[in-house]
Each structure stands twice: as structure tokens, then as C-alpha cells.
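# Secondary and tertiary structure notes
In case you want the letters, here they are:
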Amino acid sequence: MSKPLKVALLGCGVVGSQVIKLMEEQADDLAARIGAPLELAGVAVRKPGRKREVSFDPALLTTDAEGLVTRDDVDIVIEVIGGIEPARTLILAAMASGKSVVTANKALLAEDGATIHAGGGDLYYEASVAGAIPLLRPLRESLAGDRVKRVLGIVNGTTNYILDKMDSTGASFNDALEEAQTLGYAEADPTADVEGFDAAAKAAILAGLAFHSRVTAADVHREGITEITATDVASAKAMGYVIKLLAICARSDDGRSIGVRVHPAMIPRTHPLAGVREAYNAVFVEAESAGQLMFYGKGAGGAPTASAVLGDLVAVARNRLARTRGPEESVYASLAVHPMGETVTRCHVSLDVADKPGVLAQVATLFAEHDVSIQTVRQEGHGDDAQLVIVTHRATDAALSATMEGLRRLDIVRAIASVMRVEGDD
């Protein structure tokens, strides 16, 4: 067996601690699978005196992260500190000194993946999207001979837990969020999750791999779930739908551009994604030859994410022994990301309207003026409780937005009670 491969770890929080634990517990198996043992060479942290969730030789701790990643005896660097800096600087320094890199840093890859890929080292990042679910490698390798048409899924466990609790118990958004925080599914500051930033970063990574084009988080249309009310959820439930925060990456019909978006949407309860409960993730990939594939599992947490990190660690270690490297960034297609206004979607619209003759005719005329056709419409209630519920056929988001603006100017429309995109049943 070859001499040990030395591993430097950046970060020893929830994920980093689990990485050390798994490396120790599975040392013999990992060595057999790789063809050489792994040896922890050092752990870079900001506060060496802090109590850790795993015990290891305290002599391995250091605050000199750059010194650690550029050490001559280090072969592989694992980065799980997150954020943009100092992670970017440290990863680039590691690559410049010939190290292989494993990272879970979705924010960095989504913001500046081009720079990281240009660093020149062997780079794996399965843990950056959907935790333990093997998703990126199938896109990068298994489907390399196919043409991906669409990626659709739930990629944020926190928001899925919140929306699931709102649906199953009737809880308000704030109550469901508080429960998620109590259980450790949501951070004290949940902004990155509930406003869709986390999912948008993951969508950018997925779109880049699926469509062989460079996509950043800034290219992703993003909406969060903070405006979703218990009434919205109950209304969707009454119609046989459930609300999920979805990441949607799709080729345009002419194949010349892609749309990348994150937003809440209603999906039928018969759709497989509707049954994704609690903090789980699930992603559909639709390809021309392979058809529909579904990936499901735990999308976050220390152990699941560490599992993905270890899988990448085995891959880069094998590559290192074979003096080769994994696939490089594939951006040959260079497809443009079209704006949200050009994206074709469907909408469910609830309008509080005046209860008098001609209301439906005026509303239908306005929809027609903006080339938005109506699939179904029904009136609920009478008098002050009168409401029109409309589901449209597919139309551009710009046309739907113009229609909503027109509705606000109609004196027969007291208020637009809700507007929700519809996915998964066309």
C-alpha cells in the first residue's frame, strides 16, 4: 500500500467535526478503497480553545490556515468554513501549491466559481448542493453523454420544513420558523434560507453543470417564502396543491438560452415532490435520453454533508495516486441566462372583486389584452366576500406581471389576494 496521503481541514464546526469522526471511524475501509491511508495533517480554526464535538490531537489545531494549506507535506485540502473570504484565498493558495481540494462552499462557487475552477487543482464539491444526495457527480459525469432539459427540485431543507409544517398543521410562517429554529433546522438569522439566497446559490451550481454554461447566483431570479401565509397554504391544500420553494433550471424551447429561478410554487399533491417532507431535499433531472431521474435524501446536517465530503475525498485521493484529476469545468455551451420576464410560467391568482354583473368579463378581457389565456376560473363567495380564482395557461412572466398591474387599476378589483406560480402539472 502507498504511503499516507495527508489531509488539511479548514473548519471544525458541525460538518468539519463529522468529517474527522468519519475519517477516524472508517480509516481502514477508506485506506482499502483508496489504496493508501489518509492522515489528518492539521485543522485550521479561528478559536483553538473552543470545545469541539469530536476529540483529536490538539497539536493538530492551528490558526495559520494559509500556512497549513501550503505545507509541502499536505496532499489534499478540505474546506468547510463557508463564505467568500478567506475561503477563496485559501483554496486558491492550496491549488497554487499543488493540492487537491474538496469544498462544500456553495456561496463561493455560485459567486466566483470561474476563479476557483481556474485555480488549476483537482476540485470536487458534491457537498455544496443537497447534502448527502449524490447529485452533482451524476450531472457532471453520468449524464455527460446526454442532453439535460430541466432540473427541478427542493434544495433547501429549512424552507421545506417550514412549508411542510404550515401545510400539515396549519401553523403560521412565524410559528413554523420558530419550531425549525428550536430543532436546529434554521439559523438564528434565517435570512439566507427563507429569502432564497441559499437555494439560489445551489441553483446556479446545478444550472452550470446541467447546461455546460457559466451561471452565477446573480443570474438567478430569487423569491423567498416570507410572504407565504397560512391562508395561502390552506387555499392551495383545498385545491389539491402544496406550496414548495423550488429551484428550477430549464432550457428555453429553442435551446438557445436557459432560465434559472428560485421561488415558491404550487404543485399537485400527486407530484412526487409534494411528498417530500420535513427537512428533506429532492431533485428531478429531465434528460432527452435518460428521461426523468429523481434524487432524494437528507439535504443538510453534519453527518449527511460529511458523507458527501468523504465521497469527494476518496475521489481526489484516488486521482492523486493515479496522477490524474477529475473533470474540469465544462462551459463550452455558453448559454445565456434569459431574464425572468421571458420565462414561461403558469399562475394561480385570487382576486377580491365587487359582486356585480360583468366582473368576470372585464377581468377576462384584461387577461386577453396581455395574451394570457385562462385555463380555469371560478367565483367564490358573495357580497364583500366575493372572490375570483383564476389559473392561467402558460405565458411569459412579463405578460403575467403586466396583467397583474392592469388588475390593480380596475375599480372592480378590490385587491389581489394572492399570486402563486404553478408547476408540475402540465
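Structural notes, computed from the coordinates. All figures in this text were calculated on a predicted structure; none of them were measured in a lab. (Residues numbered from 1 in each chain as written. Predicted model: local features only at pLDDT ≥ 70, side-chain atom pairs only at ≥ 80, totals over all residues. Heavy atoms only, no water.)

## Examining the side chain of Thr159
Rule in force here: Secondary structure is summarised from DSSP: a helix means a run of H or I of at least four residues, a strand means a run of E of at least two, and numbering begins at the N terminus for each. Residues are treated as being in contact if the distance between any of their heavy atoms lies within 4.5 Å.
Relative to the elements of secondary structure, Thr159 occurs in helix α7 (residues 157-169). For Thr159, the contacting residues outside a window of four places in its chain are Asp193, Val194, Ile225 and Leu245.

## Digging into the packing of helix α13 (residues 359-369) against helix α14 (residues 397-409)
Applicable threshold: Note on geometry: axes are lines fitted to C-alpha atoms, helical ones only across the stretch in contact, with angles between N-to-C directions running from 0 to 180 degrees. Crossing handedness: left-handed means the near helix sits turned counterclockwise from the far one by under a right angle, and right-handed means the same turn made clockwise. The classification used treats Ala, Val, Leu, Ile, Met, Phe, Trp, Tyr, Cys and Pro as nonpolar, Asp, Glu, Lys and Arg as charged, and all other residues, Gly among them, as polar.
With their axes 9 Å apart at the nearest point, α13 and α14 run at an angle of 145° to one another. Between α13 and α14 lies a crossing of right-handed hand. Touching Val363, Leu366 and Phe367 of α13 are Thr403, Met404, Gly406 and Leu407, all from α14. A per-class count over the contact of α13 with α14 returns five nonpolar, two polar and no charged.

## Describing the state of the cysteines
Counted only if it meets this: The disulfide criterion used throughout: a pair of cysteine sulfur atoms within 2.5 Å. Per-residue accessibility, obtained with a 1.4 Å probe over protein chains only, is compared with the maximum for each type, and a residue is labelled buried under 20%, exposed over 50%, and partly exposed between these values.
Taken as a whole and assessed by the stated rule, the structure comprises zero disulfides. We note that Cys347 lacks a disulfide partner, and the nearest cysteine sulfur, in Cys249, lies 19 Å from it. A residue is classified by how much of its surface remains accessible, and Cys347, at 5% relative accessible area, is buried.

## Quick notes on the pattern of salt bridges
Rules: The salt bridge criterion pairs a side-chain nitrogen of Lys or Arg with a carboxyl oxygen of Asp or Glu, the two atoms within 4 Å.
If you walk through the whole model with that rule in mind, you get 25 salt bridges. Close ionic contact of Arg71 with Asp73 constitutes a salt bridge, the shortest N to O distance being 2.8 Å. Arg71 sits in the partly exposed class, given a relative accessible area of 31%. Connected via shared salt-bridge partners are Lys149, Arg150, Arg261, Glu286 and Glu423.

## Here we look at the pairing of strand β1 (residues 5-10)
What counts is decided by this rule: By this definition, two strands are paired if DSSP reports at least two bridges between them.
Across the six residues that make up β1, a large majority, five, are buried. With six bridges joining them, β1 and strand β2 (residues 38-44) adopt parallel strand pairing. In the strand pairing of β2, Leu9 is matched with Val43. Strand direction decides the pairing type here: β1 and strand β4 (residues 76-79), joined by four bridges, are parallel. Within the sheet, the bridge partner assigned to Leu10 lies in β4 and is Glu79.

## Considering the packing of helix α4 (residues 87-96) against helix α5 (residues 106-117)
Defined as follows: Working rule for angles: under 35 degrees goes down as roughly parallel, over 145 as roughly antiparallel, 65 to 115 as roughly perpendicular, anything else as oblique.
Their axes nearest at 11 Å, the elements α4 and α5 cross at an angle of 30°. With respect to each other, α4 and α5 are oriented roughly parallel. Taken as a pair, α4 and α5 cross one another with a handedness that is right-handed. Every residue of α5 that contacts α4 at Ala87, Arg88, Ile91, Leu92 and Met95 is listed here: Leu108, Glu111, Asp112, Thr115 and Ile116. Class assignment for the residues of the contact of α4 with α5 results in six nonpolar, one polar and three charged.

## Quick look at the nonpolar core
To be explicit about the condition: Only buried Ala, Val, Leu, Ile, Met, Phe, Trp, Tyr and Cys residues count toward a nonpolar core, and they belong to the same one when joined by side-chain atoms within 4.5 Å.
Counting residues in hydrophobic clusters, the biggest one holds 76 residues, and the most contacted among them are Leu135, Ile162, Leu206 and Val285. When residues in this core are grouped by element, the largest group, 11 residues, is from helix α10 (residues 197-211). Once residues lying within four places of it in the same chain are set aside, the contact partners of Ile162 are Phe173, Ala176, Leu177, Ala180, Val194 and Ile225. Counting 36 residues, the second largest nonpolar core, distinct from the first, contains Cys12, Leu22, Leu60 and Leu313.

## Side note on unusual backbone geometry
With the exception of glycine, most residues fall at negative phi, and the peptide bonds are largely trans. Residue Pro86 follows Glu85 across a cis peptide bond; omega there is 10°. With respect to the helices and strands, the residue Pro86 is situated in the loop between β4 and α4. Despite not being glycine, His212 shows a phi value in the positive range, around 50°. Inspection of the secondary structure assignment puts His212 in the loop between α10 and β8 (221-222). Exposure remark for His212: the relative accessible area of 14% places this residue in the buried category. Positive phi, close to 50°, is recorded for Ser334, a residue that is not glycine. Looking at the element boundaries, Ser334 is found in the loop between α12 (302-321) and β13 (336-337).

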